Amino acid sequence: MKSPRKKLTEEDWLAQALKTLAAEGVSAVRVERLASSLGVTKGSFYWHFKSHGELLARLRQYWADEYTIRVDSSETQSQPDAAAMLLWVLRRVTLEDANRYDPAMRAWGLFDSLTAEAVRRVDETRLAYVTDLFLRMGFDRNEADLRSRMSYYYVIGESFAGIEKTPEDRLTFLDLRYQRLIDRATIR
C-alpha cells in the first residue's frame, strides 16, 4: 500500500528552488529537477506556477521576503532602544544564518537584470533600516551611513568567505563587531 503523499505548497517549491540555486546555480533550477528532489511529478509544479519564468520571478520575491529580517514583530518591540535593536537584528541574522542564500542571489544577479534589481532593492532596504538605527543612536548621517555599510558589508563578506566557524565563534565575533560599531570613538 502506498503511503499518502504530502500536498506540497508553493513555499515548498520555492524553498527547494532556493536550495538548488545555492547548491548548483540557476541553471539547475528546472521543473523536472525540483519535482524529482521533492518526490513529486511535474503536475504538482503547475498547480502552483504557470511557468518556469513565474517560478523564477516568485523565487526572487521569496528570497527578499524570507531572508530580510522582519522587524515588526513583538520581539522587536520589546527592545529598549536602537542599540539593543541592532544587536537583536545582528544576532538573528547570525543565528538563523539569514544571509546563506545571498551569494547565490548575487551570482544570479550578475547575468540577470531582474535579479540584480531584486538584490539592489533588498540591499537598499536592509541598509536603510540599519542606517536608521544608527541615526536613532545619535550618530550624524555620515557616521550612520558608514557604520551601517561596515556592518552590512561584513555580513555579506562573511557569507562569501566560506569560513567555517561554530555558532559560538560567530556570536563572539558579532559581539566584538557590535561593540566597535556602537562605540563613538571607534571611527574618526
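Residues numbered from 1 in each chain as written. Predicted model: local features only at pLDDT ≥ 70, side-chain atom pairs only at ≥ 80, totals over all residues. Heavy atoms only, no water.

1. Quick word on the packing of helix α1 (residues 10-24) against helix α2 (residues 31-38)
Thinking step 1. With their axes 10 Å apart at the nearest point, α1 and α2 run at an angle of 110 degrees to one another. Classified by the interaxial angle, the pair formed by α1 and α2 is roughly perpendicular. Where α1 abuts α2, its residues D12, W13, Q16, A17, T20 and E24 lie against V31, R33, L34, A35, S37 and L38.
Thinking step 2. Here the contact of α1 with α2 is built from residues that sort into six nonpolar, three polar and three charged. (Axes fitted to C-alpha atoms, helices over the stretch in contact; angles between N-to-C directions. Helix = DSSP H or I, 4+ residues; strand = E, 2+ residues; numbered from the N terminus. Parallel < 35°, antiparallel > 145°, perpendicular 65-115°, else oblique. Contact = heavy atoms within 4.5 Å. Nonpolar A, V, L, I, M, F, W, Y, C, P; charged D, E, K, R; others polar.)

2. Observations concerning the nonpolar core
Thinking step 1. Judged by nonpolar contacts, the single largest core of 27 residues is most densely connected at W13, L18, L21, L55, L59 and W63.
Thinking step 2. The element best represented in this core is helix α4 (residues 52-66), accounting for six residues.
Thinking step 3. If near-sequence neighbours (up to four positions away) are discounted, L59 is found in contact with L14, A17, L18, L21 and W108.
Thinking step 4. Grouped together as the second largest cluster of nonpolar side chains are 20 residues, L133, M137, F139 and A144 included. (Core = buried A, V, L, I, M, F, W, Y, C linked by side-chain atoms within 4.5 Å. Buried < 20%, exposed > 50% of the residue type's maximum accessible area, 1.4 Å probe, protein only.)

3. What about helix α8 (residues 113-136)?
Thinking step 1. With 24 residues, α8 ought to run about 34 Å at 1.5 Å a step, and its terminal C-alpha atoms sit 34 Å apart, in line with that.
Thinking step 2. All of the buried residues in α8 are T115, A118, V119, V122, D123, R126, L127, V130, T131, L133 and F134.
Thinking step 3. Lining the buried residues of α8 we find α4, α6 (82-95), α7 (102-109), α9 (141-161) and α10 (167-182).
Thinking step 4. By the N-cap criterion, in which a side-chain oxygen at the helix start approaches the backbone nitrogen of a residue two or three places on, α8 is capped by D112, the distance to L114 being 3.2 Å.
Thinking step 5. Residue G138 follows α8 closely and has a positive phi angle near 100 degrees. (Expected span 1.5 Å × (residues − 1). Polar contact = N/O pair within 3.5 Å; in protein donor to acceptor, adjacent residues only side chain to side chain.)

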